[in-house]
Amino acid sequence: MMDWKLPRQGACRCGRVKITVSAAPLVTMACHCTGCQKMSSSAYSLSAAIPAEGFAVTEGEPVIGGLHGADAHHYFCSHCMSWMFTKAEGMDWFVNVRPTLLEGAGDFAPYIETWVGEKLPFAETGAVKSYEALPPMEDYEGLMKEFREWG
Ligand SMILES: [Zn+2]
Ligand SMILES: [Zn+2]
């Protein structure tokens with residue numbers, strides 16, 4: 001079992017938006033989808049799924065960026081444009097936080113990687129489990145249990 005050293009503080013690149021994580025992640029992820037490649041300007045995005053009650057914006061006002069559609073809400077700092085967290089429509093019990101914004105980001109190694117079908121050939125994440133796209137819905141409970149016992 002990982003000691004998550006909670007609460008952990010985080011901030012965007014410029015520091016105008018600050019966040020606090022006070023609950024252990026449900027699972028950590030890397031996503032190789034082309035949307036994440038574009039939004040992160042990198043090979044893949046990193047996420048820590050944090051229970052909603054364990055996540056707070058403590059300073060500043062994040063704005064919607066990325067896809068402005070109905071399914072996912074991508075939150076950014078309005079000044080430095082750092083992609084900070086994502087909320088999925090209809091799944092308000094967790095927030096996908098970009099762990100590189102947090103102190104001690106090295107603790108958030110991805111347990112799963114998603115959209116490997118769109119992966120750049122040189123991209124390696126070290127994730128334990130790989131999915132061609134997303135894990136099937138019925139896998140999540142088992143994944144969260146395995147994740148708690150991992151690391
Ligand atoms: Zn900022
Ligand atoms: Zn993605």
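Residues numbered from 1 in each chain as written. Chains lettered and ligands numbered in written order. Predicted model: local features only at pLDDT ≥ 70, side-chain atom pairs only at ≥ 80, totals over all residues.

As a further point, take unusual backbone geometry. Looking along the chain, the bond that leaves leucine 6 and enters proline 7 is cis, with omega of -5 degrees. Within the secondary structure layout, proline 7 lies in the segment before β1 (8-11). Despite not being glycine, tryptophan 115 has its phi angle at roughly 55 degrees, a positive value. Take tryptophan 115: it is sitting in the loop between β10 (112-114) and β11 (129-130). (Helix = DSSP H or I, 4+ residues; strand = E, 2+ residues; numbered from the N terminus.)

This part is about the UniProt feature "domain: CENP-V/GFA" (unreviewed entry) in the chain. Under the feature "domain: CENP-V/GFA" (unreviewed entry), the UniProt entry names residues 8-112. Along residues 8-112 the backbone is 7% helical and 42% strand, and the end-to-end C-alpha distance reaches 22 Å. (UniProt positions renumbered as here; feature names shortened; annotations may be inferred.)

One ladder, built from four bridges, connects β1 with strand β2 (residues 18-21); its direction is antiparallel. Paired with arginine 8 across the bridge in β2 is valine 21. With antiparallel pairing between neighbouring strands as the criterion, β1 and β2 make up a hairpin whose turn holds six residues, including glycine 15 at a positive phi of roughly 85 degrees. (Pairing = 2+ DSSP bridges.)

The strands making up a sheet associate through hydrogen bonds between their backbones, and the pairing can be parallel or antiparallel. Strand order in the open sheet made by the eight strands is β6-β7-β8-β9-β4-β3-β10-β11, with mixed pairing throughout. In the strand order of this sheet, the two ends are held by β6 (63-65) and β11, each with one partner. Strand direction decides the pairing type here: strand β3 (residues 27-31) and β10, joined by three bridges, are parallel. Across the sheet, residue cysteine 31 finds its bridge partner in β10, namely threonine 114.

Turning to the pairing of β2, a few remarks are in order. Residues of β2 alternate between two faces, with Ile19 and Val21 buried on one and Lys18 and Thr20 left unburied on the opposite face. As paired strands, β2 and strand β5 (residues 55-59) are joined by four bridges and run antiparallel to one another. Looking at β5, one finds that valine 21 is bridged to phenylalanine 55. (Buried ≥ 20, exposed ≤ 12 C-beta atoms within 10 Å, placed from the backbone.)

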